[in-house]
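Per-entry structural report
Read off the chains here:
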Amino acid sequence: MRYLDFEQPLANLEMELDKLKKQAENNKDELLIRQIKELENKVNQMRKRVFSNLTRWQKVQLARHPDRPYPLDIIQRICEDFVELHGDRLFGDDKAIVAGLGKIENHGVVIVGIQKGRETEEKILRNFGMAHPEGYRKAMRMFSLAEKLKLPILTLVDTPGAYPGIGAEERGQFSAIAYSIKRMLEVKVPTIAIITGEGGSGGALAIATADRVYMLEYAIYSVISPEGAASILFRDASKNKEAAESLKLTADDLLRFGIIDGIIKEPLGGAHRDYDETARRIKKAFIRAFRELRRKTIRGLISSRYKKYRKMGKFIIAES
Amino acid sequence: MFFKPKKTPPKREKGLKVPDDFWVKCPSCQSILPNIDLEKTAKVCPKCSYHFRISAYEYANILFDNGIEREIGKEILPDDPLDFPGYKQKLEKYKKIYGLNDSSIAGIGHIDGIKVTGFFTDFGFLGGSMGSVFGEKFYRAATHSAKSRIPFIAVLFSGGGARMHEGIFSLMQMAKTTVGVLELEKAKVPYITVLGDPTMGGVMASFAALGDVIIAEPGALIGFAGPRVIQQTIRQELPKGFQRSEFQLEHGQIDMVVDRREMKKTLSRLLKIMTSSYL
């Protein structure tokens, strides 16, 4: 288990608990068992205390936690079957984007996710979850396939942003993102997006303009990273804590703003503590949203989708 | 928001912002030009064809026969939904300098007698960045075009992309403006985007990239990520002319590069063909 700085008090207690539990393996001493119980209670209380009062920056840290469940971890747990598909049929296969056909509760679904990669080798393979135009074009292929097969679309979003590189620009990063947004807005099947970790600007939005958008409790979604905002705003990238506060990028903020449709609670201590439980809750949210959306006609679906996005924004109308 | 607008007040080319300045120095060829001559050449240097950055109203006056005849969404004013540090003061300041409420204007005009809706952004106002007012004006202008079945032209000078100060609301304008483009598509109305220097970030990665025809001014910086961000990421020198109009044309990302002095004529030629369906 990797601990974040604000979890340090918790880390010491948990380590102590682990030690006692090991001892208890070959010694069923009653006193020891009582001690373990007491310590467990203490750990739980402390965990509750630490996690009931998180700052925005602490949530950013959780969203970026190296053990955070990534789309493939989730897909594995919510699907009875999943067949990954590859390539954009134009240039290559972007491994930052995983996509394919899955089965959830015996119903087909097209899934697109952005995958960060866990260890160094996989991180490089996945380009740290930063997609190239090929990735978004692969996503668009999947949207069209879903439309043809009349299957719902589920996207799982966790990316620092679209990749800023020479090749990405040469092959039309802006165009790939723009068309992906458009394709997702017009696709004639129900669409559900879940921000599971970082919702990094346009690179996230490209596959998140859905009928229903949910965020995991400690996920973030923002127009710019706290570091980016800090370097512009305070001319100091280390003021990321202040920037995170100013950007209001947590699930709570976005629900309050009416930007997202709901929050999926994480297990105590964060999604990385319990993949199974996290996946179970994601699955539940998906199924509930799908059941509701499938009742609508295609026309009704598209028209409420347009309405949802055209209403977004906050401005003042001057009195004439 | 990947492209940092210049430190305030935005460094317009020296002298240009002062109308009573008689002489202007071209930042590209260093020629000293009488201001009055520049007015005649759509603010393009007659010696080296350097395109000076111009305001939204100036562009509207260059393209439209009689300027903007009726403005759309002038009553829409910016809010500060995040209570973002310094945002209110910034809005006030730019309002004072440029006499604009926000970074864009929209309205009806004629190009060689063809009625169109135009949407123009102004780099001076927070880098021409896209916030809620920008999105709402674009959406209203686009739906006006769709309903009245008249072509839609967007002329952009937007370095900042999405406006950081409105956070997630700005990001969502990428989706909102795209819904506007979908309305144009449904109405089968021609949609042309004209990209000035610069057009970047969330603006470029949404409605600006979705034009039926995409035209750029010569030498304009066009792309998704800003060159500085790319350089910091990859830690290598960027190729010469990277992300400029000519580069984007070469890579198949835009349709043509057109001199500002030819812009009206080009749009007029395109519109005449695009509105001539046999049906």
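The numbering scheme is per chain: residues are counted from 1 as the chain's sequence reads. Chains carry letters from A onward and ligands carry numbers from 1 onward, assigned in written order. Totals for whole chains, interfaces and linings use all residues, but because this is a predicted model, local features are given only for residues with pLDDT of at least 70 and pairs of side-chain atoms are given and counted only at 80 or more. With hydrogens and water excluded, all non-hydrogen atoms of the structure serve as input to the side-chain values.

To qualify as a helix, a DSSP run of H or I must reach at least 4 residues; to qualify as a strand, a run of E must reach at least 2; elements of each kind are numbered from the N terminus. When you go through chain A residue by residue, the secondary structure sums to 14 helices and 9 strands. For this measure, only C-alpha atoms enter the radius of gyration; the expected value for a globule follows 2.2 Å times N^0.38, where N is the number of residues. Taken over the C-alpha trace, chain A has a radius of gyration of 21 Å; the compact-globule value for 320 residues is 20 Å, and the two agree within 12%. Along the three orthogonal principal directions, the C-alpha set of chain A runs to about 65 × 50 × 45 Å. Accessible area is worked out with a 1.4 Å probe on protein chains only. A residue is then buried under 20% of its type maximum, exposed over 50%, and partly exposed in between. Residues classed as buried in chain A amount to 59% of the 320 residues present.

Residue and element names in this part refer to chain B. Partitioning chain B into domains gives domain 1 (22-52) and domain 2 (53-274). Domain start and stop positions are those given by an automatic or database domain assignment. Once you take the C-alpha centre of each, domain 1 and domain 2 turn out to be 24 Å apart. Pairs of residues are marked as contacts when any of their non-hydrogen atoms sit within 4.5 Å. Across the boundary between the two partners, domain 1 contributes 9 residues, which contact 9 residues of domain 2. Throughout, buried area stands for the accessible area (probe radius 1.4 Å) lost by two parts on being put together, summed over both. Interface area, domain 1 with domain 2, both sides summed: about 730 Å², of which 52% is carbon and sulfur. The largest per-residue losses of area from domain 1 upon contact with domain 2 belong to Ala42, His51 and Phe52, which jointly make up 63% of the total buried on that side. Should a side-chain nitrogen of Lys or Arg be within 4 Å of a carboxyl oxygen of Asp or Glu, the pair is scored as a salt bridge. On inspection of domain 1 and its partner domain 2, the count reaches 1 salt bridge.

Listed by partner, the interface residues are 60 residues for chain B and 47 residues for chain A. When the two sides are added together, the surface that chain B and chain A hide from each other amounts to roughly 4900 Å², 73% of it contributed by carbon and sulfur. Considering only the surface of chain B that becomes buried against chain A, B:Met164, B:Ile168 and B:Phe224 emerge as the three largest contributors, covering 12% of it. Across the contact surface, chain B and chain A share 2 salt bridges. Linking A:Lys182 and B:Glu185 is a salt bridge whose minimum nitrogen-to-oxygen distance equals 2.9 Å. Top element by residues in the side of chain B that touches chain A is helix H5 (residues 167-186) of chain B. It accounts for 16 residues.

Turning to the environment of B:Phe123, a few remarks are in order. Residues and elements named next belong to chain B. With respect to the element layout, Phe123 can be found in the loop between strand E6 (114-121) and helix H4 (132-148). Residue classification places Phe123 among the buried residues on the basis of a relative accessible area of 6%. Residues Phe123 and Ile105 lie 18 residues apart in sequence; the distance between their C-alpha atoms is 12 Å. Those residues within four positions of Phe123 in sequence are excluded, and the remaining contacts are Arg53, Gly128, Phe157, Gly159 and Pro198.

This next bit is on the domain arrangement of chain A. Residues and elements named next belong to chain A. Considered domain by domain, chain A is made up of domain 1 (5-53) and domain 2 (60-310). At the junction of the two partners, domain 1 supplies 9 residues and domain 2 supplies 8 residues. Here domain 1 meets domain 2 over a buried area of about 710 Å², counting both sides, of which 55% is carbon and sulfur. Any pair of N or O atoms that falls within 3.5 Å is considered a polar contact. Within protein, one atom must be able to donate a hydrogen and the other to accept it, and sequence-neighbouring residues count only if both atoms are side-chain atoms. Inspection of the domain 1/domain 2 interface yields 2 residue pairs in polar contact (both at pLDDT 80 or more). Counting residues per element, the ones that place at least two in the side of domain 1 that touches domain 2 are helix H1 (8-25) and helix H2 (30-51).

In a beta sheet, neighbouring strands pair by backbone hydrogen bonds and run either parallel or antiparallel. All names here are of chain B. Read from one edge to the other, the open sheet built from 7 strands follows the order E3-E5-E6-E7-E8-E9-E10, with strand pairing classed as mixed. The strands lining the two open edges of the sheet, one partner per strand, are strand E3 (70-71) and strand E10 (256-257). Note: two strands are recorded as paired if DSSP finds a minimum of 2 bridges between them. Examined bridge by bridge, strand E8 (residues 191-199) and strand E9 (residues 213-216) share 4 bridges and lie parallel to one another. Following the sheet pairing, Val194 is matched in E9 by Ile215. Its contacts with the sheet put helix H2 (residues 56-63) on E3, strand E5 (104-111), E6, strand E7 (152-158) and E8, and the angle it makes with E6 is roughly 160°. Angles shown run from 0 to 180 degrees and are taken between the N-to-C directions of axes, each axis being a line fitted to C-alpha atoms and, for helices, limited to the stretch in contact.

To continue, consider the packing of helix H8 (residues 173-186) of chain A against H5(B). Between H8(A) and H5(B), the shortest axis-to-axis distance is 10 Å and the interhelical angle comes to 70°. When the interaxial angle is binned, H8(A) and H5(B) end up roughly perpendicular. Crossing handedness for the pair H8(A) and H5(B): right-handed. Contacts between H8(A) and H5(B) involve A:Ile177, A:Ile181, A:Lys182, A:Leu185 and A:Glu186 from the former and B:Met174, B:Ala175, B:Thr178, B:Val179, B:Leu182 and B:Glu185 from the latter. We call Asp, Glu, Lys and Arg charged. Ala, Val, Leu, Ile, Met, Phe, Trp, Tyr, Cys and Pro are nonpolar, and the rest, Gly among them, are polar. Residues that form the contact of H8(A) with H5(B) fall into these classes: 7 nonpolar, 1 polar and 3 charged. Orientation labels follow simple angle bins: below 35 degrees gives roughly parallel, above 145 gives roughly antiparallel, 65 to 115 gives roughly perpendicular, and whatever is left gives oblique. If you view the pair so one helix is near and one far, a crossing is left-handed when the near helix is turned anticlockwise from the far one by less than a right angle, and right-handed when it is turned clockwise.

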